[in-house]
Amino acid sequence: MVDIMVSDFKKGRYNLMKIFVGIDIAKLNHFAAAISSDGEILLEPFKFTNDADGFQLLVSKLESFDKNSLIIGLESTAHYGDNLVRYLVTELYQVCVLNPIKTCQMRKNNVRKTKTDKVDTYVIAKTLMMQDDLRFVSFFDLDMMDLKALGRFRQKTIKQRTRLKIQLTTYVDQVFPEIQYFFKSGLHQNAVYALLKEAPSPKEIASMHMTHLANLLKVNSHGHFTKEQAKELRVLAQKSVGANDSAISIQITQTIQQIELLDSQLEKIEAEMTDIMKFNDSVIMTIPGIGYINGGMILGEIGDIHRFSNPNKLLAFAGLDPSVYQSGNFQAKTTHMSKRDSRVLRYALVNAACNVIRNNATFEAYYNAKMTKCQSHYNNLGIELASLSESSGRC
């Protein structure tokens, strides 16, 4: 029966009919099946591996049908389906990533409570069939996936670096507590790192040749420190009450190396995000105060902004909408932000709002007008973000 139907499609019998392909994603093996818009089974569920051979097997099965009539759907399941989505989009197939909530609702309609990989392929295909408006993954969406991954990895890397900087401050406080009086702008600067990598204890700093110490500070601070200041630092080192502990000295040098490694990684991440943003030339870059990195994080988390019919839905997606508390006759007048969903998007939008207020006279005047009404800073930022989101949607 299936072979007859496939041959009918080859002859063009069902050229005007849509074919819905449901793919159940797993880590090692996927399952796929196809049904027509009339609900007829065109491809029985079959297994294919999550590699090049498996992808080619899937395409060979689909070659029997008109590519323009095919609509391929799969659930959003972490990262396991990303490679398949990229492969199919590159092969110019129409691919739709479904929210698992939609397929769950379809699964509940089954009389028999059966859940297997093969059954799920039909559930996904039928869910596709029931959607009024399908949105297909584009090459732009693939770039947004990259921006999302890079933006989140950047945030994790920054957190790692922050923890290391706190640890480094603790180590230096034990070994050379007086150094904070010399480097008044803080420990985390090139001159301090260069000094501590070479001489991680007051004893080693005090024994350094004056010419070498002065040159090391001058070169790594771009001429900010003079020879007289180098003498002051050596005197501080000679009088230091810090512990002369080789174990802490090792931790200082290696912590600085880890911080510098993370700095170099962040530069590469931000360079890649900048390249993607320049290639796509998004209108978000026309907003004063938003740069390539912050704009890239926002776009990566939001994806297609037209998914949101109004700014309030976008704010709710970012968790910036006010929470609601009501019980009986009581209605809370002041509540906190809901802080649901994407923490990265929430951070990027708040940062963007602060930058826009500083760089745009219109938004600054609007913010100041709201502040005169005794509203809180973050409350006003939420209002600014609503206006900012509305202007972005119009662009």
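Heads up: the structure comes first, above all this text.
As a starting point, this report considers the structure included with it. The shown structure was predicted, so the numbers you read here are calculated from the model rather than taken from an experiment. By convention here, each chain's residues receive numbers from 1 onward along its written sequence. Given that the model is predicted, a residue must reach a pLDDT of at least 70 before its local features are reported, and side-chain atom pairs must reach 80 or more before they are shown or counted; all residues, however, enter totals for whole chains, interfaces and linings. The side-chain numbers reported here are obtained from all heavy atoms of the structure, hydrogens and water having been left aside.

Time to look at the sheet that holds strand β4 (residues 70-75). Taken in spatial order, the five strands of this open sheet run β3-β2-β1-β4-β5, and their pairing is mixed. At either end of the open sheet lies a strand with only one pairing partner, and these are β3 (41-49) and β5 (95-98). In this sheet, neighbouring strand axes are inclined to one another by 20 degrees on average, regardless of whether the strands run parallel or antiparallel. With five bridges connecting them, strand β1 (residues 19-24) and β4 associate as parallel partners. Counterpart to G22 in the pairing with β4 is G73. Two residues qualify as a contact provided that any one of their heavy atoms is within 4.5 Å of a heavy atom in the partner residue. The convention used is that axes are lines fitted to C-alpha atoms, helices contributing only their stretch in contact, and that angles between N-to-C directions extend from 0 to 180 degrees. Helix and strand definitions follow DSSP, with helices as H or I runs of at least four residues and strands as E runs of at least two, each counted in order from the N terminus. Contacts from helix α3 (residues 82-90) reach β1, β2 (29-36), β3, β4 and β5, with the element oriented near 155 degrees to β5. At least two bridges found by DSSP between two strands are what make those strands a pair.

What follows is about helix α15 (residues 343-359). The span you would expect from a helix comes to 1.5 Å times its residue count less one. Here α15 is 17 residues long and its end C-alpha atoms lie 24 Å apart, about the 24 Å a rise of 1.5 Å per residue gives. Think of it in three bands: residues with accessible area under 20% of the maximum for their type are buried, residues over 50% are exposed, and the middle band is partly exposed, with areas taken using a 1.4 Å probe on protein chains only. Those residues of α15 not exposed but buried are V344, L345, R346, A348, L349, V350, A352, A353, N355, V356 and I357.

It is worth spelling out the pattern of salt bridges at this point. Definition used for salt bridges: Asp or Glu carboxyl oxygen within 4 Å of a side-chain nitrogen of Lys or Arg. Applying the stated criterion to the full structure yields seven salt bridges. Between D146 and R86 there is a salt bridge whose closest N-O contact spans 2.7 Å. In this pair, D146 sits in helix α6 (residues 139-175) while R86 sits in helix α3, placing the two residues 60 residues apart along the sequence. Owing to a relative accessible area of 26%, D146 belongs among the partly exposed residues under this scheme. Between K231 and E228 there is a salt bridge, with its nearest N and O atoms 3.7 Å apart. Separated by three residues within a single helix, K231 and E228 lie in helix α11 (residues 227-238), roughly one turn from each other.

For any two helices packed against each other, the geometry comes down to the angle between their axes and how far apart the axes lie. Where α3 meets α6, the closest approach of the two axes is 10 Å, and the angle between their N-to-C directions is 150 degrees. Compared by their axis directions, α3 and α6 come out roughly antiparallel. Judged by the twist between their axes, the crossing of α3 over α6 is left-handed. The segment α3 lies against α6, with D82, V85, R86, V89 and T90 engaging F139, L142, M145 and D146. The residue makeup of the contact of α3 with α6, split by class, is five nonpolar, one polar and three charged. In what follows, roughly perpendicular refers to angles from 65 to 115 degrees, roughly parallel to angles under 35, roughly antiparallel to angles over 145, and oblique to any angle outside these ranges. A clockwise turn of the near helix away from the far one marks a right-handed crossing, whereas an anticlockwise turn of less than a right angle marks a left-handed crossing. Residues were grouped as follows: Ala, Val, Leu, Ile, Met, Phe, Trp, Tyr, Cys and Pro as nonpolar; Asp, Glu, Lys and Arg as charged; and all remaining residues, including Gly, as polar.

Here we take up the packing of aromatic side chains. Ring pairs shown here join Phe, Tyr and Trp side chains whose ring centres sit within 6.5 Å, with only the six-membered ring taken for Trp; geometry is labelled stacked below 30 degrees between planes, edge-to-face above 60, and tilted in between. Tallied over the entire structure, the rule returns six aromatic pairs. Residues F182 and F225 carry aromatic rings whose centres are separated by 5.5 Å and whose planes lie at 20 degrees to one another, so their mutual orientation is stacked. Taken together, the residues F182 in helix α7 (residues 179-182) and F225 in the loop between α10 (210-220) and α11 connect sequence positions 43 residues apart. The burial state of F182 is the same as that of F225; both residues are buried. On the numbers, 5.3 Å between centres and 80 degrees between planes, the contact of F183 with F225 is edge-to-face. A residue pair is termed long-range when its members are at least 10 positions apart, and F183 in the loop between α7 and α8 (190-198) and F225 in the loop between α10 and α11 qualify at 42 residues. Owing to a relative accessible area of 3%, F183 belongs among the buried residues under this scheme. Ring pairing ties together the aromatic residues F182, F183 and F225, which thus form one cluster.

The next thing to look at is the packing of α8 against α10. Remark: α8 packs on α10, axes separated minimally by 8 Å, with the N-to-C direction vectors making an angle of 145 degrees. Of the two possible hands of crossing, α8 and α10 adopt the one that is right-handed. The residues of α10 that touch α8, namely those facing N190, A191, A194, L195 and E198, are H212, L213, L216, L217 and N220. Taken together, the residues that form the contact of α8 with α10 break down as six nonpolar, three polar and one charged.

Grouped burial of nonpolar side chains is what soluble globular proteins tend to show. Here, nonpolar core means buried Ala, Val, Leu, Ile, Met, Phe, Trp, Tyr and Cys residues that are tied together by side-chain atoms lying within 4.5 Å of each other. If you look at the biggest cluster of nonpolar residues, it comprises 33 residues, and the most contacted ones within it are I179, F183, L195, L217, L233 and I252. Here F183 is in contact with Q189, A191, V192, L195, L217, F225 and L233, once residues within four sequence places are set aside. M273, I284, L345 and L349 belong to the second-largest nonpolar core, a separate cluster that totals 28 residues.

This part covers the environment of R358. For R358, the location among the structural elements is in helix α15. Definition of a polar contact: a pair of N or O atoms within 3.5 Å, with one able to donate and the other able to accept a hydrogen when the atoms are protein atoms, and with sequence-neighbouring residues admitted only if both atoms are side-chain atoms. At 2.5 Å, the side chain of R358 and the side chain of N355 are in polar contact.

This brings us to the pairing of β4. Among the six residues that make up β4, six are buried, leaving the element largely enclosed by the rest of the structure. Covered by surrounding structure in β4 are L70, I72 and L74 together with I71, G73 and E75, the residues of both alternating faces. With α3 bridging β4 and its parallel neighbour β5, the resulting β-α-β unit is right-handed. A clockwise course of the path from the first strand over the helix to the second, judged with the strands pointing away from the viewer, identifies a crossover as right-handed.

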